[in-house]
Amino acid sequence: MPQDPRPPKSARKVSCPTCGKDSLFAPSNPWRPFCSERCKTNDLGAWAAEQYRIPVKGGDEEGETPSEPPQ
Ligand SMILES: [Zn+2]
């Protein structure tokens, strides 16, 4: 890249991790790097849900468990 246009200080656009839209990464955007509160909470919600959905594989025996899915 020969020339890198400098964005205004502390104001640049990033892609919202949730919806992929342009999000203003600036102090004026409290939800950065997300584009909105909705996207931020949505992402956190998904993360929390993921934590809750950790599959607990029954079986305390390690090493001797056959590697086939439980029926
Ligand atoms: Zn978004």
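Just so we're clear, the structure is a prediction, and the values are computed from it rather than from any experiment. All residue numbers refer to positions counted from 1 along the written sequence of the respective chain. With the structure being a predicted model, the display of local features is reserved for residues of pLDDT at least 70 and the display and counting of side-chain atom pairs for 80 or more, all residues being used for whole-chain, interface and lining totals.

Enquirer: How do you make sense of the pairing of strand β2 (residues 22-25) when you look at a structure like this?
Expert: Consecutive residues of a regular strand have side chains that alternate between opposite faces of the sheet. Note: two strands are recorded as paired if DSSP finds a minimum of 2 bridges between them. Counting from the N terminus, the helices are DSSP H or I runs at least four residues long and the strands are E runs at least two residues long. Bridging between strand β1 (residues 12-15) and β2 involves four bridges; their strand directions are antiparallel. Residue Arg12 lies in a different strand from β2, and its bridge partner there is Phe25. Counting the residues that bridge the hairpin from β1 to β2 gives six residues, and of these Gly20 lies at a positive phi of roughly 80°.

Enquirer: Before we go on, may I ask you to explain the confidence of the model for the chain in this structure?
Expert: Parts of the model with low pLDDT should not have their predicted coordinates read in detail. Think of pLDDT as the predictor's per-residue confidence, scored from 0 to 100. Here the chain shows a mean pLDDT of 79. Residues at 70 or above account for 70%. Mean pLDDT in the chain bottoms out at helix α1 (residues 37-52), which sits at 78, and peaks at β2, which reaches 94.

Enquirer: For this particular structure, what's the right way to read the environment of Ser15?
Expert: Tracing the chain through its elements places Ser15 in strand β1. Using a count of 14 C-beta atoms within 10 Å as the deciding quantity, one classes Ser15 as partly exposed. The sequence separation of Ser15 and Arg32 amounts to 17 residues, and the corresponding C-alpha distance is 9.8 Å. Throughout, a residue-residue contact means that the two C-beta atoms, derived from backbone geometry, are no farther apart than 7 Å. Ignoring sequence-local partners within four residues, the contact set of Ser15 consists of Gly20, Asp22 and Ser23. Every C-beta atom is placed from the backbone, and the number of other C-beta atoms within 10 Å of a residue's own sets its class: buried at 20 or more, exposed at 12 or fewer, partly exposed in between.

Enquirer: It is not clear to me how the environment of Asn42 should be interpreted in this structure. Could you clarify?
Expert: Summarising the element assignment, Asn42 is placed in helix α1. The partly exposed category is assigned to Asn42, around which 16 C-beta atoms lie within 10 Å. For the pair Asn42 and Cys19, spaced 23 residues apart in the sequence, the C-alpha separation amounts to 9.7 Å.

Enquirer: I keep staring at the environment of Leu24 and nothing clicks. Help me out?
Expert: Secondary-structure assignment places Leu24 in strand β2. Distance from Leu24 to Arg12, taken between C-alpha atoms, is 5.8 Å for residues twelve residues apart in sequence.

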